[in-house]
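Observations on chain architecture
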Amino acid sequence: MNLIYLCGFMGCGKTTVGRAAACLVPGAGFLDLDDRIVEREGLSIPEIFSQKGEASFRDAETTALLETSDLRGPAVIATGGGALISERNVSICRSKGRIAFLDVPFEICYQRIRSDPNRPVAAREKSALRELYEKRRSIYLRHCDILVEDGTIDERAEQIAALLRKEL
Ligand code: S3P
């Protein structure tokens, strides 16, 4: 169980903090699930959404999660904000590792994601995004093994690294 799946809402900093956490554990790797999907599909995320539809993106997300079995050695995996909405995806993560939730207030996430052309799911009204945030936050809370407490990037990274070290 030496994989840590980092979850949280769009804009919470999963990639930044996840990469920093992996750097703190000798021999640990870092994988961004969205990057893997983009590489596999040969399309950007907005292109996948517009040309193939969200359902196709979600299938690719499940495939990418299944493929994390191929990772050699310990790793931190940044998942997309919608990845843990599917029960199947939660089971995949649970069977292969631990889930860490990067809990960041809505306003901070919102300032980072508003009008981001690379995030099709964020292209909606603030009130609708807040509602989505609340709904998803309860799902992340239900499934996570640890809730990463507020702090600097380094402090948050250390909490994830500590969990990974325990799993080695
Ligand atoms: C999504 C979040 C994105 C990406 C896709 C869908 C979502 O990842 O997977 O645009 O449904 O919340 P980030 O959380 O890294 O922005």
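Being a predicted model, the structure only gives us computed values, none of them experimental.

Criteria and thresholds
- Residues numbered from 1 in each chain as written.
- Predicted model: local features only at pLDDT ≥ 70, side-chain atom pairs only at ≥ 80, totals over all residues.
- Heavy atoms only, no water.
- 1 Å grid on protein atoms, 1.4 Å probe; cavity = no way out; pocket = protein on both sides within 12 Å on 5 of 7 lines; lining within 4 Å.
- Points joined across faces, edges and corners; volume = space filled by probe spheres on them.
- Helix = DSSP H or I, 4+ residues; strand = E, 2+ residues; numbered from the N terminus.
- Nonpolar A, V, L, I, M, F, W, Y, C, P; charged D, E, K, R; others polar.
- Buried < 20%, exposed > 50% of the residue type's maximum accessible area, 1.4 Å probe, protein only.
- Contact = heavy atoms within 4.5 Å.

1. Re empty space enclosed by the protein
Inspection of the entire model under this criterion finds 1 cavity of 30 Å³ or more. By volume, the largest cavity is sized at about 40 Å³. Lining of the largest cavity is provided by Phe9, Cys12, Phe101, Leu102, Asp103, Val104, Cys109, Tyr133, Arg137 and Tyr140. The set of elements that each furnish at least two residues to the lining of the largest cavity consists of strand 4 (98-102) and helix 7 (126-143). Top contributing element to the lining of the largest cavity by residue count: helix 7, with 3 residues. Residues of the lining of the largest cavity, tallied by class, amount to 8 nonpolar, no polar and 2 charged.

2. Comments concerning the environment of Ala21
Relative to the helices and strands, Ala21 is located in helix 1 (residues 14-23). You can call Ala21 buried: its relative accessible area is 0%. Separated by 134 residues in the primary sequence, Ala21 and Glu155 place their C-alpha atoms 9.3 Å from one another. Excluding anything up to four places from it in sequence, Ala21 contacts Val76, Ala157, Ile160 and Ala161.

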